[in-house]
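Here is what each chain is made of, one letter per residue.
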Amino acid sequence: MSGRADRLARLADAAVELLAEGGMRALTHRAVDARAAMPPGTTSAYLRTRQALTEAVVQRLADLDRADLAAHELPTEPPRAAPALGPGDLDQLATGVAEVLDGWLTTGRTRALARYACLLEAVHRPELRRILDHGTVLRVQARDLLARAGAPDPRRQGDQFVAFVDGLLFDRLVGAGSLSAPPPGTPASRDDLQAAVRTLLRAFTRA
């Protein structure tokens, strides 16, 4: 990573932390400078406007999420030629998704909270809706996976699968599920998430 890229990543990571702690109103150039332990004016020099700062956060979140998916051997790009998926493959996929979700509830919790803050901001600021592009990519992947697994309507069901999984994350992160689900970061949490994802996959691929 170049010096400029490294500094941009450092600033974006600081911005992510601020968003997770205080929402959009906590995100200022001066606050990012302080959190990143960089000289005053550094953020403004690299990301002159608030929109540029927010877009840098969105890109950083997308890059880190893709790295998480790749680390758990979950597809990040549609395969050109891939074999059909059987029940065992779906169970393995459910395990991988559960591990990613549990990671986003623990070590990635800050990023998940920042992502939701950006999504809410995008409702009122159309120019920030590029954050939705990442969700579109995930839907394309889900459609392909469900098609390979024999789902009768992979386009619709792929979109629904991503929506359900995102809802599961939101429920465990800030919803009522955070009160009753197993503690994040534990085997019980991963097992519970895996069971939920596996149930979804089986429901979508049942003839």
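Residues numbered from 1 in each chain as written. Predicted model: local features only at pLDDT ≥ 70, side-chain atom pairs only at ≥ 80, totals over all residues. Heavy atoms only, no water.

Participant: Can you walk me through the nonpolar core in this structure?
Facilitator: One recurring pattern in soluble globular proteins is that nonpolar side chains are buried together. If you look at the biggest cluster of nonpolar residues, it comprises 30 residues, and the most contacted ones within it are Leu101, Phe161, Val197 and Leu201. Where this core is concerned, the elements lending two or more residues are helix H5 (87-105), helix H6 (109-124), helix H7 (132-148), helix H8 (154-173) and helix H10 (187-205). The dominant element in this core, judged by the number of residues it contributes, is H5, at nine residues. Sequence-distant contacts of Phe161, defined by excluding residues within four places in its chain, comprise Ala142, Leu146, Val197, Leu200, Leu201 and Phe204. Ranked by size, the runner-up nonpolar core spans 22 residues in total, among them Ala14, Ala15, Leu47 and Leu53. (Core = buried A, V, L, I, M, F, W, Y, C linked by side-chain atoms within 4.5 Å. Buried < 20%, exposed > 50% of the residue type's maximum accessible area, 1.4 Å probe, protein only. Helix = DSSP H or I, 4+ residues; strand = E, 2+ residues; numbered from the N terminus. Contact = heavy atoms within 4.5 Å.)

Participant: What's the story with the packing of aromatic side chains in this structure? I'm lost.
Facilitator: The description of an aromatic ring pair rests on the distance of the ring centres and on the angle between the ring planes. Counted by the stated rule, this structure contains three aromatic pairs. Each ring, one from Tyr116 and one from Phe170, has its centre 5.1 Å from the other, and the planes form 90°; the classification is edge-to-face. Here Phe170 lies in helix H8 and Tyr116 lies in helix H6, a separation of 54 residues in the sequence. Classification of Phe170 as partly exposed rests on a relative accessible area of 41%. The interplanar angle of 5° and the centroid separation of 6.1 Å between the aromatic rings of Phe164 and Phe204 together place this pair among those described as stacked. Of this pair, Phe164 sits in helix H8 while Phe204 is found in helix H10, placing the two residues 40 residues apart along the sequence. Since its relative accessible area comes to 7%, Phe204 is described here as buried. (Phe/Tyr/Trp six-rings, centres within 6.5 Å; stacked < 30°, edge-to-face > 60°.)

Participant: Even after reading the chapter, I still don't get the environment of Asp153, so can you show me in this structure?
Facilitator: Position of Asp153 among the secondary structure elements: in the loop between H7 and H8. Put simply, Asp153 and Arg143 are 10 residues apart on the chain and 8.7 Å apart in space, counted from C-alpha to C-alpha.

Participant: Mind showing me how you'd approach the pattern of salt bridges here?
Facilitator: Oppositely charged side chains can pair when the atoms bearing their charge come close. Applying the stated criterion across every chain, the model contains 14 salt bridges. Residue Asp13 is joined to Arg60 by a salt bridge in which the shortest nitrogen-to-oxygen separation is 2.8 Å. Of this pair, Asp13 sits in helix H1 (residues 3-22) while Arg60 sits in helix H4 (residues 50-71); the two residues are 47 residues apart in sequence, bridging distant segments of the chain. Two residues, Arg172 and Asp192, come together in a salt bridge whose shortest N-O distance is 2.6 Å. Note that Arg172 is positioned in helix H8 and Asp192 in helix H10, a separation of 20 residues in sequence. Here Asp192 falls in the partly exposed class, since its relative accessible area comes to 32%. Overlapping salt bridges, with partners in common, bring together Asp65, Asp68, Arg111 and Arg115 in one network. (Salt bridge = Lys/Arg side-chain N within 4 Å of Asp/Glu carboxyl O.)

Participant: Looking at this structure, I do not really get the packing of H4 against H6. What am I missing?
Facilitator: With their axes 11 Å apart at the nearest point, H4 and H6 run at an angle of 135° to one another. In terms of orientation, H4 and H6 fall into the oblique class. Here H4 runs over H6; the crossing is left-handed. Two secondary-structure elements touch here, H4 through Val57, Val58, Leu61, Leu64, Asp65 and Asp68 and H6 through Arg111, Ala114, Arg115 and Cys118. Partitioned by chemical class, the residues of the contact of H4 with H6 number six nonpolar, no polar and four charged. (Axes fitted to C-alpha atoms, helices over the stretch in contact; angles between N-to-C directions. Parallel < 35°, antiparallel > 145°, perpendicular 65-115°, else oblique. Left-handed = near helix turned anticlockwise from the far one by under 90°. Nonpolar A, V, L, I, M, F, W, Y, C, P; charged D, E, K, R; others polar.)

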